[in-house]
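Observations on the three-dimensional arrangement
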Amino acid sequence: MVFFGNLIYSIAISYFFGKKYKDCRLSDGALFLLFFHFCAIWLIISGGQYYVGTDYPTYIGLFDGWGLELYQEKGEFLCYYIIKLCNSIGIHGQGLYYIFYTINFTLLFLILKRFQASDLFIFILLYIGYTNIFNNQLNMLRQAVAIHCGTYACILYCESRAKQCLVWIGIAFFMHVSSIILLSIYLYPFVKRLNNKWLEIILIISFIGSFFLNLKTFSFLTDYLPPAYAAHLEKEEMSSSIITSLTKYIFIPFFYWGLKLLENNSLNDFEKKLFYFGYLGFCFKLLLLKVPIVNRLADYFIIISAFPIFFYLINLKKQNKKILFGIICLAIIAFYGLKTILFPKAEYIYNSIYFLL
């Protein structure tokens, strides 16, 4: 109930904020004051999680310095030195969660400040209710930081700042080496040649493929993966719940309808780039829906994949299609409610250190 209440509260506050200042050009400082308010609440909720998911004890030990050298050997130097620095100034264990989440939310602010205040509530709805990164970061912390870094890198690329983009991909890489996949951003000159018909075909292939690709499809990788990942492929059975599948399949029509934004030239160059990256990122995630571990590569585009829906909802709002806009927003809220209230498991279960005091 805490997670669901946080979603409703965050949407409501950002909505009324945007409504009040929709005709004003806000400074970064003014927007930061609003976002700082959210960060404080989100940090209290996320940072205080206790024994969430399977990786919680691993990270607690890591934050106390146990086995930290492994990540230095893997080349994830940024993760290593952040923890070492925090330990040197007396921050250990649970305290490191607050540090890493602060990094994530700061990067999210840098992303959101590029958009109008009146549309802020839409992206917050998608960030928490659609991408699920708000909850999933509790169980994939290093990668979650790399995902936020990679999303910011993509934003920079879409602003034609390719060199800065590369720097942030490098930062993501030194947090989690699998983020090397973010270099695919530089394939955009080829991606933009895809017309709507090809994009429709890719979506259909991803949808059909999601029913056939499974762990057995990638069993050959066990000889090439690190032992920890190989063990997942060998032992983990993919029994994706109906709720998990529905929360992906339900968004397929929105991506399909969103293609009209490209067809009608409703997007500027910056938005068009983000749309392409987000659309293909969603297709990638959809294709690998029933392949745990491997589909974590698609997670690097999970926040970016919110942008096609974001632009689609903004367009509905501009066209004053209130009923359809409201139905879509309520559907996202409802499915998040199913995962956090009716059928919570793993990182969707709220369990806090505050209850232990």
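Residues numbered from 1 in each chain as written. Predicted model: local features only at pLDDT ≥ 70, side-chain atom pairs only at ≥ 80, totals over all residues. Heavy atoms only, no water.

Thoughts on unusual backbone geometry
This is how it is decided: Secondary structure elements are taken from DSSP: a helix is a run of H or I of four residues or more, a strand is a run of E of two residues or more, and numbering for both begins at the N terminus. Accessibility here uses a 1.4 Å probe with only protein chains present; expressed as a share of the type maximum, an area under 20% marks a residue as buried, one over 50% as exposed, and anything in between as partly exposed.
Here the phi dihedral of Ser160 falls at roughly 65 degrees; this positive angle occurs in a residue that is not glycine. The residue Ser160 is located in the loop between helix 9 (141-158) and helix 10 (162-173) in this model. A positive phi is found at Asn320, a non-glycine position, where the angle reads about 60 degrees. Along the chain, the position of Asn320 falls in the loop between helix 17 (306-318) and helix 18 (322-342). Looking at Asn320, the relative accessible area reads 51%, which means it is exposed.

Regarding a nonpolar patch on the surface
Here is the rule we go by: Here a patch means residues that are over 30% exposed by relative accessible area and free of salt bridges, tied together within 9 Å if like-charged and within 5 Å if nonpolar (Val, Leu, Ile, Met, Phe, Trp, Tyr). Accessible surface area values rest on a Shrake-Rupley calculation with a 1.4 Å probe, where residue burial reflects the displayed protein chains alone. One speaks of a salt bridge when a side-chain nitrogen belonging to Lys or Arg is within 4 Å of a carboxyl oxygen belonging to Asp or Glu.
Among the surface-exposed residues, Ile204, Phe207, Ile208, Phe211 and Phe212 lie close enough to one another that they form a single nonpolar patch of about 510 Å² accessible area. Position of Phe212 relative to the elements: it lies in the loop between helix 12 (196-209) and helix 13 (227-235). For Phe212, a relative accessible area of 60% puts it in the exposed group.

A closer look at the nonpolar core
Put simply, the test is: Side-chain atoms within 4.5 Å are what join buried Ala, Val, Leu, Ile, Met, Phe, Trp, Tyr and Cys residues into a set we call a nonpolar core. By definition, residues are in contact when any of their heavy atoms lie within 4.5 Å.
Within the largest apolar cluster, 114 residues are counted, with the highest numbers of intra-cluster contacts made by Trp42 and Tyr127. Sort the elements by how many residues they give to this core and helix 9 lands first, with 13 residues. Filtering out sequence-adjacent residues up to four positions away, Trp42 remains in contact with Asn6, Ser10, Phe35, Gly47, Phe105, Leu108, Ile124, Tyr127, Ile128 and Phe134.

Some points on the packing of aromatic side chains
Convention followed: Aromatic contacts are taken between Phe, Tyr and Trp rings whose centres are within 6.5 Å, Trp giving its six-membered ring; a plane angle under 30 degrees counts as stacked, one over 60 as edge-to-face, and the others as tilted.
With the rule as written, the count across this model stands at 46 aromatic pairs. On the basis of an interplanar angle of 85 degrees and a centroid distance of 5.4 Å, the ring pair of Phe115 and Phe310 is categorised as edge-to-face. Separated by 195 residues along the polypeptide, Phe115 in the loop between helix 6 (95-112) and helix 7 (120-130) and Phe310 in helix 17 bring together distant segments of the chain. Each member of the pair, Phe115 as well as Phe310, is classed as buried. On the basis of an interplanar angle of 70 degrees and a centroid distance of 5.9 Å, the ring pair of Tyr157 and Phe277 is categorised as edge-to-face. Separated by 120 residues along the polypeptide, Tyr157 in helix 9 and Phe277 in helix 16 (residues 269-287) bring together distant segments of the chain.

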